[in-house]
Amino acid sequence: MRDSIRLTLKMHRFELIALIAFTAFVFVAAFWVAGQLDAVGYGPCAVDRGPVPANCESLGREWYQIQESQASPLFGFLAILPFATGLFLGGPLISREIERGTTRLAWSIAPSRLRWYLSRMLPIVAAVAVVTFAAGIAADRLTAAISPNVDIANAFDGFGQRGLLVAVTGLVMAAGAIGLGAVTGRVLPTVILALILGTLGITGVTKLHDDFTAGEAILVDGEYVGRGDRYVDQFFRLSDGRLVDWNGLAEFDPGAMMREEEPNYPIVSLVIPGSRYREVETRQAVVLGGIAGLMLAGTAVIVQRRRPG
Amino acid sequence: MTAVLEATGLGKRYGRRRWALRDLDLVVDEGSITALVGPNGSGKSTLLKAWVGFERPTTGTLRIRGIDPVRNRGAAVAVAGYVPQAPSLYRELTVEDHITFAAYHRPGFDRALARGYLDDLSIPFDSRADELSGGQQAQVGLALALGTRAPVLLLDEPLASLDPLARREFLQVLVEAVRAAGSTALLSSHVITDIEQACDSLIVLGGGRSLLAVSISEAIAGHGIVTGDEPRPIGAQVVGSFPSSTGERLTLMRGLAGRPATLEEVVIGHLAAGRPDRPAKAERKVAA
Amino acid sequence: MTAVLEAHGYGKRYRGRPWALRGLDLAVPEGSITALVGPNGSGKSTLIRGWIGFEPPTEGRLSIAGIDPQRHRKAAVMRSGYVPQQPALYRELTIAEHIELAITFRTGFDAPLAKGYVERLGIPLAAQANQLSGGEQAQVGLALALGTRARILLLDEPLASLDPLARREFLHVLVTAVRGGGHTALLSSHVITDIEQACDRLVVLGRGRTLLDLSVEDALAHHRVVEAASWEPGRPGTVGTFPTTTDERLTLVRVGPSGDGPGDSGSPAPLIGRAATLEEVVIGHLAASRRRGQLEADEPVPGVAS
């Protein structure tokens, strides 16, 4: 069993080393930059109301400079990582074997193709999970640093780009790439198709889940900003208790927008409270994870039926 | 004689029109080393693959030691030692890795046996497959198949692109191993001298069908060559015509006629018969 | 006798790897059909590609029809018809399209001639290259080379995936085209019976060097085969030992003039053992060359204690 894992990892040695090295670099850099941001001490400046320290302007400049020049690019890398990991580890798994003809050796030695598939797939999927999970942790840390005074465990800031969902994104991409590889039997077309279909698929599922979650929104007083809530919609509350949007307000009080000051009606927000972050995150992870699982299972069927090429 | 490999009415179609095999009947007896000869596209590879379940027949049936690879692929694979057409080794893995791989995936794999063959040839175990010569890679493929201790060996063009010395060494290992284990081997090859050295039986395929299936001694004893326009004995059966290296037309005959045919000429004559409209045209044009 | 293909002290080495060929001297006479035999990696492909300017020599020089293919590559290419090892066809293009391409690339390309060869072999012009079998692709490669009407043909393992009938026909076409037109052909091959049928000269390469360069007739006349068990290893004339599919091993012995063997300087070759087949001649020399290579690898470096 250990030998089998060792051999599978050896077959993907280049991709593994490259992706692990890149992830390690991004991980260390993210923690370092997060530390730098915290060290500026900008936290007290980032409040909605109340007194702020005198030197906030210069602190602000320093803080934003680090965020723009260092944190921002890192977020870019972190966004790419789960896609790259899933594609480059999952894509060649079966397609390269078919392309190079080694499936003819493997499937004539091993009477059980299912066992062969598991011996190849499980270690690589585990590797994808570990690498992307690390990326998710780094993203969490960095997000916390750029959102001072926000408890990111209870906030929707950066939803989908940090934490558990990074690993799940990687797994979905990997599962899709493995499956497409079994169908096409060619590495480059697999990577291209998996990139396109995977991105579209994940975006689609995310959108569907967002719409579904929006149906669970609740009303809270005031603007949503700064509480970590997920914004769904915003209304004005009229004196008679009705809720109207901008158009409704214009009907009710046409002059409201003409006046110089802000319309003097209380704002009410339709939100998903930040406290539900973990719950929503987990639910999305389960849906995407289930899709990944189905794809991996479907690939087992394809492997049983297809010619070795 | 028990038949370890059988095909009955076997047909395989790719796409909508291309039949690689068509209504093929053949039998390979236990203990024989049989050669499979035929043009590319005649279905040799397809046939070998069918017995290990890599190809599903369109029509007909086949059996390997009585097992139907369509119904019971795992069992069919388990009685076969298959040497795929090169290249089939994992480039980045070493020879030792390949043995480990086979031992992990194949119940009953005999590591010592496989290692023994490679050791005798001084093939380094810690070399990556892509560092080995073509001949060494072929020997690794053979050692892995022999290591399964399968009673039936199926070899798909194992000697292609190997130099004469590498081919000789491969055949020597194969013949010795098969004789020692009492197993059966079917190998496809294009080189008749190799077939003469290693095989006792011969199957010629053409147009997806079996054109000839005999022992080699019968093949040679049972055919003759008539040159050019020499008179043919009455009752002798014409097989086919083809050019000689000097440009004369040779005709293969069944039975006592002309001079004894070489095995190569027997094969070529039947191949020529297997595609009826080509040889005549080729000679006419070229002679011009 | 003019030599149309020559090598003078030719050596080729790829970065960081051992020499593929070294100190090679070769002269292929005009009008001959010469066979080039040797293990893969012995430099056969490299040498052939060198003559059409694909591989610059690391040492020494080559010449084709008197031209240096490195300095005058276009002229070298124009004088040769090349059939590469892996059929280098465009997967999605049809055979007819390949011929159209050849017309645009090559002045004087004889499309009807090429089409004729393809059709005669039963290959449909409208088929895409990736729909053909490997052997059919090789035959298309030959048709394209013959279509160039070049006087020197360089064929890199053209027969590799062809069945015996296809090889017989290929060689028949090649031999007729070459002899009829006074052309010269050099083909590398692993199948010795084909060489016996079509070629008049034999060159064997091994470990980057020429092991043998003589006419097929001489090769057969000057070699005999004996049982290894009854032959003393060091005897003059010994070439090499090789296995058979029976239990015995055989030794190739060089006899007759220009060998150090028994029967030297004009006396008739003694009838030891039996006549060697051309295949055994090649195998014996390859075995000897490999053995020399192993011995060199095992030799202790002077001055270093083992």
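Since this is a predicted model, take the numbers as computed values, not measurements. (Residues numbered from 1 in each chain as written. Chains lettered and ligands numbered in written order. Predicted model: local features only at pLDDT ≥ 70, side-chain atom pairs only at ≥ 80, totals over all residues.)

### Considerations on the overall build of chain C
Right, so step 1: Within chain C, the regular secondary structure consists of 9 helices and 13 strands.
Right, so step 2: In terms of overall dimensions, chain C is globule-like: its C-alpha atoms have a radius of gyration of 21 Å, near the 19 Å expected for 306 residues.
Right, so step 3: The dimensions of chain C, computed from C-alpha atoms along their principal axes, are 60 × 45 × 40 Å.
Right, so step 4: The buried share among the 306 residues of chain C stands at 49%.
Right, so step 5: In chain C, the proportion of contacts linking residues at least 24 apart, taken out of those at least 6 apart, comes to 66%. (Helix = DSSP H or I, 4+ residues; strand = E, 2+ residues; numbered from the N terminus. Rg over C-alpha atoms; globule rule 2.2 N^0.38 Å. Buried ≥ 20, exposed ≤ 12 C-beta atoms within 10 Å, placed from the backbone. Contact = placed C-beta atoms within 7 Å.)

### Some points on the overall build of chain B
Right, so step 1: What chain B contains, in helices and strands, is 10 helices and 13 strands.
Right, so step 2: Here chain B, with 288 residues, has 51% of them falling under the buried criterion.
Right, so step 3: Restricting the contact set of chain B to residue pairs at least 6 apart, pairs at least 24 apart contribute 70%.

### A look at the interface of chain B and chain A
Right, so step 1: On the side of chain A, 20 residues touch chain B, which itself brings 24 residues to the contact.
Right, so step 2: Where the side of chain B that touches chain A is concerned, the elements lending two or more residues are helix H2 (73-78), strand S5 (80-83) and helix H3 (95-105) of chain B.
Right, so step 3: Counting residues per element, the side of chain B that touches chain A draws most heavily on H3 of chain B, which supplies 6 residues.
Right, so step 4: Looking at the side of chain B that touches chain A residue by residue, the class counts come to 15 nonpolar, 5 polar and 4 charged. (Nonpolar A, V, L, I, M, F, W, Y, C, P; charged D, E, K, R; others polar.)

### Some details on the interface of chain C and chain B
Right, so step 1: In this assembly, 38 residues from chain C lie in contact with 40 residues from chain B.
Right, so step 2: Elements with a contribution of two residues or more to the side of chain C that touches chain B: helix H5 (134-147), helix H6 (164-181), helix H7 (192-198), strand S11 (238-243) and helix H9 (278-298) of chain C.
Right, so step 3: A per-element tally of the side of chain C that touches chain B places H6 of chain C first, with 9 residues.
Right, so step 4: Of the residues in the side of chain C that touches chain B, the class split is 17 nonpolar, 15 polar and 6 charged.

### Brief notes about the packing of helix H3 (residues 56-100) of chain A against helix H4 (residues 102-109) of chain A
Describing two packed helices takes the angle between their axes plus the distance from one axis to the other.
All names here are of chain A.
Right, so step 1: In contact at an axis separation of 5 Å, H3 and H4 are set at 100 degrees when each is read in the N-to-C sense. By the angle between their directions, the pair H3 and H4 is classed as roughly perpendicular. Of the residues in H4, those touching H3 at Glu97, Ile98 and Arg100 are Thr102, Thr103 and Ala106.
Right, so step 2: Residues that form the contact of H3 with H4 fall into these classes: 2 nonpolar, 2 polar and 2 charged. (Axes fitted to C-alpha atoms, helices over the stretch in contact; angles between N-to-C directions. Parallel < 35°, antiparallel > 145°, perpendicular 65-115°, else oblique.)

### Regarding the nonpolar core
Right, so step 1: The biggest cluster of nonpolar side chains holds 246 residues, and the ones touching the most others in it are Leu142 of chain A, Trp51, Ala80 and Leu154 of chain B together with Leu202 of chain C.
Right, so step 2: Contact partners of Leu154 of chain B, with chain neighbours within four places excluded, come to Leu48, Trp51, Val52, Ala80, Tyr82 and Leu186 of chain B. (Core = buried A, V, L, I, M, F, W, Y, C linked by C-beta atoms within 7 Å.)

### Focus: the sheet that holds strand S1 (residues 3-13) of chain C
All names here are of chain C.
Right, so step 1: Overall, antiparallel pairing links the 3 strands, which are arranged S2-S1-S4 in an open sheet. Every other strand in the sheet has two partners, leaving strand S2 (19-29) and strand S4 (59-64) as the edge strands with one partner each. Pairs of neighbouring strands in the sheet enclose a mean axial angle of 15 degrees, with direction left out of account.
Right, so step 2: Direction of pairing for S1 relative to S4: antiparallel, over a ladder of 5 bridges. Opposite Leu5, over in S4, you have Ile64 as the bridge partner. (Pairing = 2+ DSSP bridges.)

### Re the packing of helix H9 (residues 263-274) of chain B against H6 of chain C
Right, so step 1: Relative to each other, H9 of chain B and H6 of chain C sit at 90 degrees, their axes nearing to 8 Å. Judged by the angle between their axes, H9 of chain B and H6 of chain C are roughly perpendicular. Residues Glu264, Val267, Ile268, Leu271 and Ala272 of chain B of H9 of chain B form the contact with H6 of chain C, whose own contacting residues are Pro164, Leu165 and Arg168 of chain C.

### Structural notes on the domain arrangement of chain B
All names here are of chain B.
Right, so step 1: Domains assigned within chain B are domain 1 (3-213) and domain 2 (222-287).
Right, so step 2: Taken together, the 10 residues of domain 1 in the interface contact 8 residues of domain 2.
Right, so step 3: For the side of domain 1 that touches domain 2, the secondary structure elements donating two or more residues are helix H7 (192-198), strand S8 (201-206) and strand S9 (209-215).
Right, so step 4: Looking at the side of domain 1 that touches domain 2 element by element, the count peaks at 3 residues for H7. (Domains from an automatic or database assignment.)

### Describing the arrangement of the chains
Right, so step 1: By contact count, the leading pair among the 2 pairs of chains in contact is chains B and C.
Right, so step 2: Where chain A comes nearest to chain C, the C-alpha atoms are still 14 Å apart, and the two do not contact one another.

### Structural notes on the environment of Tyr104 of chain B
Right, so step 1: Within the secondary structure, Tyr104 of chain B sits in helix H3.
Right, so step 2: Beyond its immediate sequence surroundings of up to four residues, Tyr104 of chain B is in contact with Asp3 and Ser4 of chain A.

### Focus on the domain arrangement of chain C
All names here are of chain C.
Right, so step 1: Domain assignment breaks chain C into domain 1 (3-212) and domain 2 (222-298).
Right, so step 2: For domain 1 and domain 2, the distance between their C-alpha centroids amounts to 31 Å.
Right, so step 3: Of all the elements in the fold, those that place two or more residues in the side of domain 1 that touches domain 2 are H7, strand S8 (201-206) and strand S9 (209-215).
Right, so step 4: The element contributing the most residues to the side of domain 1 that touches domain 2 is H7, with 3 residues.
Right, so step 5: Considering only residue class, the side of domain 1 that touches domain 2 consists of 7 nonpolar, 1 polar and 2 charged.

### Observations concerning the confidence of the model for chain C
Interpretation of the predicted coordinates at a detailed level should be avoided for regions scoring low in pLDDT.
Right, so step 1: In the predicted model, chain C carries a mean pLDDT of 85, and 91% of its residues have values of at least 70.
Right, so step 2: Interface predicted TM-score (ipTM) for the complex: 0.86; the corresponding pTM is 0.85. (pLDDT = per-residue confidence, 0-100.)

### Looking at unusual backbone geometry
Right, so step 1: The omega torsion of the bond from Ala86 of chain B to Pro87 of chain B falls at -5 degrees, within 30 degrees of zero and hence cis.
Right, so step 2: A positive phi angle, close to 55 degrees, is found at Asp23 of chain B, a residue other than glycine.
Right, so step 3: You can see Asp23 of chain B is positioned in strand S2 (residues 18-29).
Right, so step 4: With phi around 50 degrees, Arg207 of chain C is a residue other than glycine that occupies positive phi space.
Right, so step 5: For Arg207 of chain C, the location among the structural elements is in the loop between S8 and S9.
Right, so step 6: When the 21 C-beta atoms within 10 Å are taken as the criterion, Arg207 of chain C is described as buried.

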